Structures are given as structure tokens and as C-alpha cells.
Amino acid sequence: MDQISQWLWKQEYWLPPGIVWDDLDEIEGSRRPLPRDLLLALPLAVGFIMLRYAFERRVAFPLSRVLGVRDQVRLKVTPAPHLEAFYTRNSRQPTQNEITSLVNQCNLTRRQVETWFRNRRNQDRPSNTKKFCEASWRFVFYLIAFAAGFASLINTPWFWEQKECWRGYPQQPVQDVHYWYYMLELGFYWSLLLCVSVDVKRKDFKEQIIHHFATIFLLGFSYCSNYIRVGTLVMLVHDSSDFLLESAKMFNYAGWKKTCDSLFVIFAAVFLVTRLIVFPSKIIYTTLVLSMEVFEPFMGYYFFNALLLVLQALHVYWAYLILRMIYKFLFLGKLDKDERSDVESEPEENEEEEEKDQSSWRKRNVVRDSRLAMLSSSCVLNNLTNQKADANRRLPKAR
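Residues numbered from 1 in each chain as written. Predicted model: local features only at pLDDT ≥ 70, side-chain atom pairs only at ≥ 80, totals over all residues. Heavy atoms only, no water.

S.K.: For this particular structure, what's the right way to read the layout of surface pockets?
M.R.: Where empty space is left becomes clear once a probe the size of a water molecule has been rolled over the atoms. Its volume calculated, the second largest pocket comes out at about 620 Å³. Along the wall of the second largest pocket there are 20 residues; nearest its centre are Leu8, Trp14, Phe217, Gly220 and Phe221. Take the lining of the second largest pocket: its biggest share by element is six residues, from helix 11 (residues 205-224). In terms of residue class, the lining of the second largest pocket is built from 18 nonpolar, two polar and no charged. (1 Å grid on protein atoms, 1.4 Å probe; cavity = no way out; pocket = protein on both sides within 12 Å on 5 of 7 lines; lining within 4 Å. Points joined across faces, edges and corners; volume = space filled by probe spheres on them. Helix = DSSP H or I, 4+ residues; strand = E, 2+ residues; numbered from the N terminus. Nonpolar A, V, L, I, M, F, W, Y, C, P; charged D, E, K, R; others polar.)

Next comes the structure, spelled out in C-alpha cells:
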């Protein structure tokens, strides 16, 4: 273990050339960054999970009823042991061959098996109330984090001039407010990662996992290497738009379409400016170029900038989704849903469309059958009329 610890904490990995760990001991001030401080993030994550549990039930749920959040009424499936076993162990969406096998096992029609699986999937989908509670929890945290972070950075020199991030490095004391800013953000992202299995899955689920891991590694590395000034700017840029997105989701689940659209437009503007302009031109440029005026490249330099570039790649991907929504809103006149909406909701919408198509197909069949019936009856009436006319013509001759 000692050899692993010595290898992991080699100063060549974490600090620029010519700087050793003892240089960080010379930092003036009440606090200096220590790697063991990061252990505080784990109990904070557990605390966030407990606080979220209480918040969603005591605050978010009553608020959802006040704002008018309504859940869809979903049909409960009839007990079917064979189908339930297949659903839980094999697949939620069986293939046609599997459906044929299940039909033979359960003595049901193909249509009944398909309907059972559709209702069973609908039964497991998260309700609007659950999604509203999750969005409201993230909204509250991001709003408080952005307001507190902005208040703590507005008077710092590196907020206005990014070169100040490297002045006096690495002997830069850590203010208590920035220490807690780091620990709380790190604990919150750990809580999101720990709850990922129970939270609502979205279409960008994999991208969200990558984002959480990259953020946790970035915050941890920047704290140990005393890149805290840059790290605070990274957190502030991200929090500036996240609370707007969560507020738009809240009103979307509540059915306030105009309010949701307005908030989404504001969010899109802030996101595109902060993530595609401010983040690369100020923060990445600072760490990638301006830092070279203070020290030479080292392993931590490449690792830290690689994490920033991963975040920027995710920003570009999400910006593409946002711009696609804006295109639909401006040129097609609709803003139906968030492109990063719940992955579970799309199959339900497709199934509803399928039901609509089937019902319209049935209606067309009914209309066609009625027209055929009318046509056949008219033909019968015409034949009877012709026969009656022929009989009338023959009657004088008979007389």
C-alpha cells in the first residue's frame, strides 16, 4: 500500500516541474488544500441524499399539486406469471418470435400479450410528479450554488482577469467560502452519481454519467493541485444555466407551456453563450495557454485540460440538441418537449401513436364497410326498381 500511495502522489503527476509538495506547506493563510479534505465529500453526498428525500416529500410534492402537476392514469396489468417472469428476467420488449412462444405458454392471443407488455411498461414509467420533484431539487441546489458562488467570486481579481488564476501559484491560500463551495459541489455530484440507478433515465444518460465522472475528477484534481481559482470559475459557468433548465422542466411537467417556452429560450441563450463562448475562450484558454507563462507542461496539465475538453465536447453535443429544438420552435412553430427528455416517455408516445393509427385504421375500415353496404343496398334497390318498371311495362300487354 505504501508503494501504491507513493506512486499515486508523485509530485510529477500533480505539480508543475520545480514545485514540490512542501511548497504548498508555505501557503500563508488559515487553509491550504490537502487531498484528505476530499473525503468530506462522501458524507456530504449522503447528507444531500437524505436532504433530497425530505425535500421531495415535504416541499416538492405539495408544490407539484399547487402548480397543477397531473399524472396519467395507467392501467394495471392482470397477473400473468409467465409474462411477468419474462419481463423481469429477459426483456421488456419481446421480439415477434418471443411473443409467439409466450402465446403458446399462456394460452393468450398475440394481441393480448402485446397489450400486456405495453401496459406493464407504462406501469413502470416515472410519473410527472416524480420528474417534477427531481427537477425541483436540482433547481434549488443549482440556484443557491450559483447565487453563492457568484457572490463569493464577484470581488475576486481572477473573476475579471483570468491571468490572476496563476499569480503566485502554487502559494495561493484557499478562502473558507471557496473551500465549502468546492466541497458542497463535489458532494452534490457524488449524490447524483449514487442516485443514478433510481433517478429518471434520459436520452443522454450515458453523456450524463461521463459528465458526472469528468466533473468529479476535475474538481478532485484541481483541489489537490491548488487549481482552485480555475475550478471555481468552472463551477460558476456550469451553474449559471443549469437552474434555468430545471425550472423550465418544472413548468413543463406542470403544463405551463408558455412559461416553459419562455424559460427555455432564456436557458438556451445563457447556455450557448456560457458553454460555447465563455467556457472555451476564457477558462480553457486560461488553462491551456496562459498557464504556460507560469510553468511548463506536466502530466497534470494534460490530464486537467483533457477533462475540460471532455466537458466542452458534451457542451457541443447538448448545444446541437438545443439548436434543433430552437429550429423546430422557430420554423415549425412547436416546442413539444426537451430533446434531453425522459427516455422512458418516448416509447409511450410511440405506442400512443400506434394506438391512434390502429384506431384510425379501424375507423377507415368502418367507413369503408358502411360505404360498401350503402353501395350494395343501392344496387339492390336499383334492381328492384328496374324489375318493377319491367313488370309495369308488361302489365298492359297482359291486359
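Past the structure itself, the notes keep going.
S.K.: How should I be thinking about helix 12 (residues 228-254) in this particular structure?
M.R.: An α-helical segment advances 3.6 residues per turn. Residues three or four places apart therefore align on the same side. For helix 12, which comprises 27 residues, the first-to-last C-alpha distance of 39 Å matches the rise-based estimate of 39 Å (1.5 Å per residue) to within 8%. At Asp239, helix 12 shows its largest kink, close to 25°. Of all 27 residues in helix 12, 26 are buried, a share of seventy percent or more. One or two steps after helix 12, the chain reaches Gly255, where phi turns positive at roughly 85°. (Expected span 1.5 Å × (residues − 1). Bend = angle between axes of the 7 residues up to and from the residue. Buried < 20%, exposed > 50% of the residue type's maximum accessible area, 1.4 Å probe, protein only.)

S.K.: I tried to follow unusual backbone geometry on my own but got confused; where do I start?
M.R.: For residues that are not glycine, phi is negative in most cases, and the peptide bond is trans in most cases. Positive phi, normally seen in glycine, also occurs at Asn226, with a value near 60°. Under the relative-accessibility criterion, Asn226 is labelled buried at 2%.

S.K.: What's the story with empty space enclosed by the protein in this structure? I'm lost.
M.R.: Evaluation of the coordinates by the stated rule reveals three cavities of 30 Å³ or more. Taken as a whole, the second largest cavity holds about 80 Å³ of empty space.

S.K.: What's the story with the packing of helix 4 (residues 41-67) against helix 8 (residues 128-153) in this structure? I'm lost.
M.R.: In a pair of packed helices, the angle between the axes and the distance between the axes together describe the arrangement. Interhelical geometry of helix 4 versus helix 8 gives an angle of 115° and a closest axis separation of 8 Å. The chirality of how helix 4 crosses helix 8 is right-handed. On helix 8, the residues that touch Phe48, Leu51, Arg52, Phe55, Glu56, Ala60, Phe61, Leu63, Ser64, Arg65 and Leu67 of helix 4 are Thr129, Phe132, Cys133, Glu134, Ser136, Trp137, Val140 and Phe141. Tallied by class, residues from the contact of helix 4 with helix 8 come to twelve nonpolar, three polar and four charged. (Axes fitted to C-alpha atoms, helices over the stretch in contact; angles between N-to-C directions. Left-handed = near helix turned anticlockwise from the far one by under 90°. Contact = heavy atoms within 4.5 Å.)

S.K.: How should I be thinking about the nonpolar core in this particular structure?
M.R.: Burial of nonpolar side chains together is a common tendency in soluble globular proteins. Grouped together as the largest cluster of nonpolar side chains are 71 residues, with contacts concentrated most on Trp166, Tyr227 and Phe279. Looking at this core, the elements that each hand over two or more residues are helix 4, helix 8, helix 9 (157-160), helix 10 (176-194), helix 11, helix 12, helix 13 (257-288) and helix 14 (299-331). Ranked by residues supplied to this core, first place goes to helix 14 with eleven residues. Leaving out residues up to four positions away in the same chain, Tyr227 has contacts with Trp166, Tyr169, Tyr182, Phe221, Ser222, Phe295, Phe298 and Phe304. In terms of nonpolar packing, the next biggest core, distinct from the first, is built from twelve residues, Ile99, Val103, Val113 and Phe117 among them. (Core = buried A, V, L, I, M, F, W, Y, C linked by side-chain atoms within 4.5 Å.)

S.K.: Explain the pattern of salt bridges here, please?
M.R.: It is possible for side chains of opposite charge to pair when their charged atoms get near one another. Overall, the coordinates contain eleven salt bridges when judged by the stated rule. Glu56 serves as the salt-bridge partner of Arg52, at 2.8 Å between the closest nitrogen and oxygen. Here Glu56 and Arg52 lie together in helix 4, a separation of four residues that amounts to about one turn. For Asp71, the salt bridge goes to Arg65, with nearest N and O atoms at 3.9 Å. (Salt bridge = Lys/Arg side-chain N within 4 Å of Asp/Glu carboxyl O.)

S.K.: It is not clear to me how the packing of aromatic side chains should be interpreted in this structure. Could you clarify?
M.R.: Where two aromatic rings form a pair, the distance of their centres and the angle of their planes describe that pair. Tallied over the full model, the rule gives 35 aromatic pairs. Between Phe55 and Trp137 the ring centres are 5.7 Å apart and the planes differ by 55°, which places this aromatic pair in the tilted class. Here Phe55 is found in helix 4, whereas its partner Trp137 is found in helix 8, with 82 residues between them in sequence. With relative accessibility at 15%, the residue Phe55 sits in the buried group. Taking the centre distance of 6.1 Å and the plane angle of 75° together, the rings of Phe188 and Tyr189 count as edge-to-face. Note on Phe188: relative accessible area 0%, which makes it buried. Put simply, the rings of Trp14, Trp166, Tyr169, Phe221, Tyr227, Phe295, Phe298, Phe303 and Phe304 pair up and form one aromatic cluster. (Phe/Tyr/Trp six-rings, centres within 6.5 Å; stacked < 30°, edge-to-face > 60°.)

S.K.: Which parts of the structure should I look at to understand the environment of Cys165?
M.R.: Position of Cys165 relative to the elements: it lies in the loop between helix 9 and helix 10. Sequence spacing of Cys165 and Val230 is 65 residues, and the spatial spacing of their C-alpha atoms is 6.3 Å. Leaving out residues up to four positions away in the same chain, Cys165 has contacts with Trp158, Gln172, Arg229, Val230, Leu233 and Thr286.

S.K.: What should I look at first to understand helix 4 in this one?
M.R.: The end-to-end C-alpha distance of helix 4 is 34 Å, clearly below the 39 Å that 27 residues give at a rise of 1.5 Å each. The largest bend along helix 4 reaches roughly 45° and is located at Glu56. For helix 4, the set of buried residues is Ala41, Ala45, Phe48, Arg52, Phe55, Glu56, Ala60, Ser64 and Leu67. Where the residues of helix 4 are buried, they touch helix 8, helix 10 and helix 12. Backbone geometry just after helix 4 places Gly68 at a positive phi near 90°.

S.K.: Is there a simple way to think about the side chain of Ser241 in this case?
M.R.: Turning to its location among the elements, Ser241 is positioned in helix 12. A residue is classified by how much of its surface remains accessible, and Ser241, at 0% relative accessible area, is buried. Those residues in contact with Ser241, other than ones at most four positions away along the chain, are Phe267, Val270, Phe271, Thr274 and Arg275.

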